[in-house]
Amino acid sequence: MKKIALLSAAVTMISFALIFIAYDDGGDPLENAFENKIVLGFAQLGAESEWRTASSQNVMDAAVKYGIELMFENAQQKQENQIKAIRSFIAHRVDVIAFSPVVETGWDNVLIEAKSENIPVILVDRKIQSEHQGLYASFLGSDFEEEGRRAGAWLVKKFAGVSGGVSIVELRGTDGASPAHGRALGFRQAVSSDARFRIVRSMSGDFMRSKGRETMAQILEEYYSPEEGRVIDVVFAHNDDMAIGAMEAMEKIGVAPGRDVVMISIDAQRSALEALRQGRMNCVVECTPYIGERLMELVRDLAAGREVPEAVYSEETVFTEDGDPGDLPDRPY
Ligand code: GYE
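Residues numbered from 1 in each chain as written. Predicted model: local features only at pLDDT ≥ 70, side-chain atom pairs only at ≥ 80, totals over all residues. Heavy atoms only, no water.

### Structural notes on unusual backbone geometry
Here is step 1 of the chain: The phi angle at R93 is positive, at roughly 55°, despite the residue not being glycine.
Here is step 2 of the chain: Within the secondary structure, R93 sits in the loop between α4 (79-91) and β3 (96-99).
Here is step 3 of the chain: Its identity is not glycine, yet A268 carries a phi of approximately 70°, on the positive side.
Here is step 4 of the chain: Mapped onto the elements of the fold, A268 is located in the loop between β9 (262-267) and α10 (270-277).
Here is step 5 of the chain: In this structure A268 comes out as buried when scored by relative accessible area, which is 0%. (Helix = DSSP H or I, 4+ residues; strand = E, 2+ residues; numbered from the N terminus. Buried < 20%, exposed > 50% of the residue type's maximum accessible area, 1.4 Å probe, protein only.)

Below, the structure is given as structure tokens:
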């Protein structure tokens, strides 16, 4: 009898401890303590930029906050690794799969496999292209064409009333990736109506700072000589890391980004906003990595069998040299 009483006291204490742990998680305490946790398999594409690192951290933090168990894989920028990760999530019978597709095509087979196992899929931050319908439940992220248009529209305004041609260098993101595709397209839509704007060089820097630096150094060799001093007018970089790499390459040979060359970039991470404050950058189009909490809400809805919207776009803004530097946000990333 005494033993039974002791045992039941112990069980009660453990239950309270469990409730407390779940509460500490920031999730719904009772739901987590007494029900099985939802399991989310997330295949991140890599760690190519500061944006990506912030995105991964944000997903991890949001999973803790929502009491969702996260299986997280980093695919090191390789599609085959992402496909492998998704297959392992299917084998583990996770409740929901989410991934940021490194490129747009080549996902049909693995997504058909997930579908046949009734595991819903969310595309996070990047899109795919497929002839098949219904391979994923929802897309969550930014409107990349709109980001490109915003960058181009600012440039058109910047050169309003200035005569003569405007030569532009474009540093593209990863070839085949939806943000590279959308940003290139949107930018061209915005500048193409004015014949003064010419994209003289477009090269991929793979969304990486090191490659932005190398690519820009190569382009400067072609377009700049200390004797002639000829330099391009504008650099449009598909992300901040490449823009910062390009700025380093310019400064190394005495070209001043922001003054000798107009700099436009996308993301608005802390280092780019700092460059804007210093006058080394002219325009930064925001693309937020903070979509983790919205992702967890979608995961909860899908796990509960509820309908979710086909696409959820983030609300974003543009930071430019025309604004008050004091208004620029402080970013942890
Ligand atoms: O702009 C870039 C990152 O997919 C929107 O990927 C994302 C992009 C982001 O490497 O910095």
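### Looking at empty space enclosed by the protein
Here is step 1 of the chain: Enumeration according to the criterion identifies one cavity of 30 Å³ or more in this entry.
Here is step 2 of the chain: Each pocket or cavity is described by its volume, and for the largest cavity that value is around 100 Å³.
Here is step 3 of the chain: If you go around the largest cavity, you meet 13 residues; those closest to its centre are W51, R52, R126, R183 and D267.
Here is step 4 of the chain: Those elements giving two or more residues to the lining of the largest cavity turn out to be α3 (50-65) and α7 (178-191).
Here is step 5 of the chain: When its residues are assigned to classes, the lining of the largest cavity shows five nonpolar, two polar and six charged.
Here is step 6 of the chain: Among the domains, domain 1 (36-141 + 289-315) and domain 2 (144-287) are the pair contributing at least three residues each to the lining of the largest cavity. (1 Å grid on protein atoms, 1.4 Å probe; cavity = no way out; pocket = protein on both sides within 12 Å on 5 of 7 lines; lining within 4 Å. Points joined across faces, edges and corners; volume = space filled by probe spheres on them. Nonpolar A, V, L, I, M, F, W, Y, C, P; charged D, E, K, R; others polar. Domains from an automatic or database assignment.)

### Quick notes on the confidence of the model for the protein chain
Here is step 1 of the chain: Averaged over all residues, the pLDDT of the protein chain is 91; the fraction at 70 or higher stands at 89%.
Here is step 2 of the chain: Below pLDDT 50 for its whole length, residues 11-27 participates in 18 contacts with residues either more than four positions away or in separate chains. (pLDDT = per-residue confidence, 0-100. Contact = heavy atoms within 4.5 Å.)

### So, the packing of helix α8 (residues 209-223) against helix α9 (residues 240-252)
Here is step 1 of the chain: Contact pair α8 / α9: the axes reach a minimum separation of 7 Å and the direction vectors enclose 45°. Compared by their axis directions, α8 and α9 come out oblique. When the axes of α8 and α9 are compared, the crossing they make is right-handed. For the pair α8 and α9, contact is made by R209, G212, R213, M216, A217 and L220 and by D241, M242, I244, G245, A246, E248, A249 and M250, respectively.
Here is step 2 of the chain: Partitioning the contact of α8 with α9 into residue classes produces eight nonpolar, two polar and four charged. (Axes fitted to C-alpha atoms, helices over the stretch in contact; angles between N-to-C directions. Parallel < 35°, antiparallel > 145°, perpendicular 65-115°, else oblique. Left-handed = near helix turned anticlockwise from the far one by under 90°.)

### Notes on the pattern of salt bridges
Should their charged atoms come close, side chains of opposite charge can pair.
Here is step 1 of the chain: A full pass over the atoms with the stated rule returns 24 salt bridges.
Here is step 2 of the chain: Between R209 and E50 there is a salt bridge, and its shortest N-O distance comes to 3.0 Å. Of this pair, R209 sits in helix α8 while E50 sits in helix α3, and the two are 159 residues apart along the sequence.
Here is step 3 of the chain: Assessed through its relative accessible area of 23%, R209 is described here as partly exposed.
Here is step 4 of the chain: A relative accessible area of 31% places E50 in the partly exposed class.
Here is step 5 of the chain: One salt bridge in this structure joins R196 and D194, with 2.9 Å as the shortest N-O distance.
Here is step 6 of the chain: One continuous salt-bridge network, built from bridges that share partners, spans E48, R52, D125 and R126. (Salt bridge = Lys/Arg side-chain N within 4 Å of Asp/Glu carboxyl O.)

### Regarding the packing of aromatic side chains
Here is step 1 of the chain: Throughout the structure, instances matching the rule amount to six aromatic pairs.
Here is step 2 of the chain: On the numbers, 4.1 Å between centres and 15° between planes, the contact of F187 with F236 is stacked. Linking F187 in helix α7 with F236 in strand β8 (residues 234-237), this pair joins segments that are 49 residues apart in sequence. The pair F187 / F236 is uniform in exposure class, with both members buried.
Here is step 3 of the chain: Lying across the ring of F139, K127 places its NZ or CZ 4.8 Å from the centre. (Phe/Tyr/Trp six-rings, centres within 6.5 Å; stacked < 30°, edge-to-face > 60°. Lys NZ or Arg CZ within 6 Å of the ring centre and 35° of its normal.)

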